[in-house]
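If you want the building blocks of each chain, they are given just below.
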Amino acid sequence: MSRRKPWATLTSLFQRDKHTTRTLYTWEWVVLIYLAATTIYILLFWTRLNHPADMLLMRARVLAVMLALWGLSRLWPAPITVLLRATAQLMMLSWWYPDTYDLNIVWPNLDHVFAAAEQNIFGCQPAALLSTWAPQPIVSEIMYLAYAAYFPMIALTAAYYFFCRQKDFPRAMTVLLAAFMTYYVIFVLLPVTGPQYYYLAVGEDNILNAQFPNLHYYFTTHADRMTAPGWTDGLFYDIVETAHQVGERPTAAFPSSHVGISTILLFLAYRAHSKPLFYTLLPFTLLMLVATVYIKAHYAIDVIAGLISAALIYTAINYTINITKKHR
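Below or above, wherever it landed, is the structure these notes cover. The numbering scheme is per chain: residues are counted from 1 as the chain's sequence reads. Where local features are concerned, this predicted model is filtered to residues with pLDDT of at least 70; where side-chain atom pairs are given and counted, the filter is 80 or more; whole-chain, interface and lining totals use all residues. Values reported for side chains reflect all heavy atoms of the structure, with hydrogen atoms and water molecules removed beforehand.

On to the overall build of the chain. Helix and strand definitions here come from DSSP, where helices need a minimum of 4 consecutive H or I residues and strands a minimum of 2 consecutive E residues; each element is numbered from the N-terminal end. Scanning the chain from N- to C-terminus turns up 15 helices and zero strands. Relative to the compact-globule value of 20 Å for 328 residues, the chain shows a C-alpha radius of gyration of 21 Å, a close match. Principal axes of the C-alpha set define a box for the chain whose edges measure 65 × 50 × 40 Å. In the chain, 84% of the contacts between residues at least 6 apart in sequence involve partners at least 24 apart. Note on areas: these come from Shrake-Rupley sampling with a 1.4 Å probe, and a residue is covered only by the protein chains present in the view. As presented, the chain carries roughly 16200 Å² of accessible surface, and 67% of it is formed by carbon and sulfur atoms. Asp and Glu are treated as the negative residues and Lys and Arg as the positive ones, with His and the ends of the chain left uncounted. Where a charge lies is defined by one atom per residue type, namely NZ (Lys), CZ (Arg), CG (Asp) and CD (Glu). Here the chain contributes 22 positively and 17 negatively charged side chains, and the mean placements of these two sets differ by 24 Å. The globule rule used here is 2.2 Å times the number of residues to the 0.38 power, and the radius of gyration it is set against is calculated over C-alpha atoms. Note on definitions: a residue-residue contact is assigned when non-hydrogen atoms from the two residues lie within 4.5 Å.

Cavities and pockets are defined on a 1 Å grid built over the protein atoms alone: a cavity is a set of grid points where a 1.4 Å probe fits but cannot escape, while a pocket is an open set with protein on both sides within 12 Å along at least five of seven lines, and lining residues are those with an atom within 4 Å of any such point. Grid points are joined across faces, edges and corners, and a volume is the space filled by probe spheres set on the points. Per the counting criterion, the structure on display carries two cavities of 30 Å³ or more. In this structure, the largest cavity encloses a volume near 80 Å³. Under the grouping applied here, Gly and all other residues not named as nonpolar or charged are polar, the nonpolar ones being Ala, Val, Leu, Ile, Met, Phe, Trp, Tyr, Cys and Pro and the charged ones Asp, Glu, Lys and Arg. Across the lining of the largest cavity, the residue classes break down as 10 nonpolar, five polar and no charged. Of the pockets and cavities examined, the second largest cavity occupies roughly 40 Å³. Considering the residues around the second largest cavity, the lining is formed by T157, A158, Y161, F169, A172, M173, L176 and L268. Elements with a minimum of two residues in the lining of the second largest cavity: α8 (150-164) and α9 (169-189).

Here we take up the layout of surface pockets. The computed volume of the second largest pocket comes to approximately 610 Å³. Residue classes in the lining of the second largest pocket are distributed as 17 nonpolar, nine polar and one charged.

To continue, consider the environment of Y279. With respect to the element layout, Y279 can be found in helix α14 (residues 275-294). In sequence terms Y279 and A179 are 100 residues apart; their C-alpha atoms lie 22 Å from each other.

Here the focus is the packing of aromatic side chains. Any Phe, Tyr or Trp ring, taking Trp's six-membered ring, that has another such ring centre within 6.5 Å forms a pair; planes under 30 degrees apart are called stacked, those over 60 apart edge-to-face, and the others tilted. In this structure the tally under the stated criterion is 22 aromatic pairs. Judged by centre distance (4.6 Å) and plane angle (45 degrees), the ring pair of F114 and F254 falls under tilted. With F114 in helix α5 (residues 111-122) and F254 in the loop between α12 (235-247) and α13 (257-271), this residue pair connects regions lying 140 residues apart in the sequence. Residue F114 is classed as buried on the basis of its relative accessible area of 12%. Ring centres of Y197 and F219 lie 6.5 Å apart, and the angle between their planes is 85 degrees; on these two criteria the pair is classed as edge-to-face. On the criterion of sequence distance, the pair formed by Y197 in helix α10 (residues 195-202) and F219 in the loop between α11 (204-208) and α12 is long-range, its members being 22 residues apart. Per-residue accessibility, obtained with a 1.4 Å probe over protein chains only, is compared with the maximum for each type, and a residue is labelled buried under 20%, exposed over 50%, and partly exposed between these values. With relative accessibility at 1%, the residue Y197 sits in the buried group. Here, a charge over a ring is recorded when the distance from Lys NZ or Arg CZ to the ring centre is within 6 Å and its angle to the ring normal is within 35 degrees. Note that R16 overlies the ring of W76, its terminal NZ or CZ placed 4.2 Å from the centroid.

Interpretation note: all reported values are geometric properties and have no functional meaning in isolation.
Written out as structure tokens, the structure is:
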């Protein structure tokens, strides 16, 4: 295959392409289904939510952005408009995530159940002890580097499919967005905050003494988070802690979507037969298994559930895609 100059590749992004779909992509339908389902949820639990009107307004804005980009794509069907539509959905994930907290406050907190299960399985609380076992600055920075690599890993995989496997890009985006929306549904219906919130709320003395009080609806009105452990002067520590201060909420602990999505990215890299992509993602994914517990974002059982759920979700989504194609 002959090499093309960078300017030629950039120019081709803006060239009209008759093969560019003029309808909504499957990944956009996935997001629309989630949007519609959560809209119904908001209407059903209107009086028990903190700011339901604002939540509906935000959904209207998301819908407006999707329709505007779809309209642009119809006016100018080209790779660049496809990229814009995909990028918009990936960027909006940072909004959908904290939204799960605004939705799941109608249910009682379940951290006491998961912390007790953790104790029964491991005989201790790995999230309370791991950072004390390895407090060295280099270990801390490696853990936070792995955690901070999460969104770059997503962007890298999406970019690889877009630029190197264009025909498979819609399928990869569908797998990725459907996986995220599946995790978000779980987070809405299963309110678990994780150690960084639960440990602070009940006190680490109780945790170390294997006492796990039931907090019921405590997190409906409390969102205090403990300071992350590790080397506080580290660059990657600061990056993660700053991100948490901006966008973290007491939600989405079980299963670990960081582990689940990272594993699904590995599956996508393997499916693409790209060894460079696979072996770039692999060390970060492996480190993520430890890092999420080290920084007290997750219980160890969240990590295990993240691995299992990734395999189940990836298989189910691909099976659904294949069945749908056969019936077209």
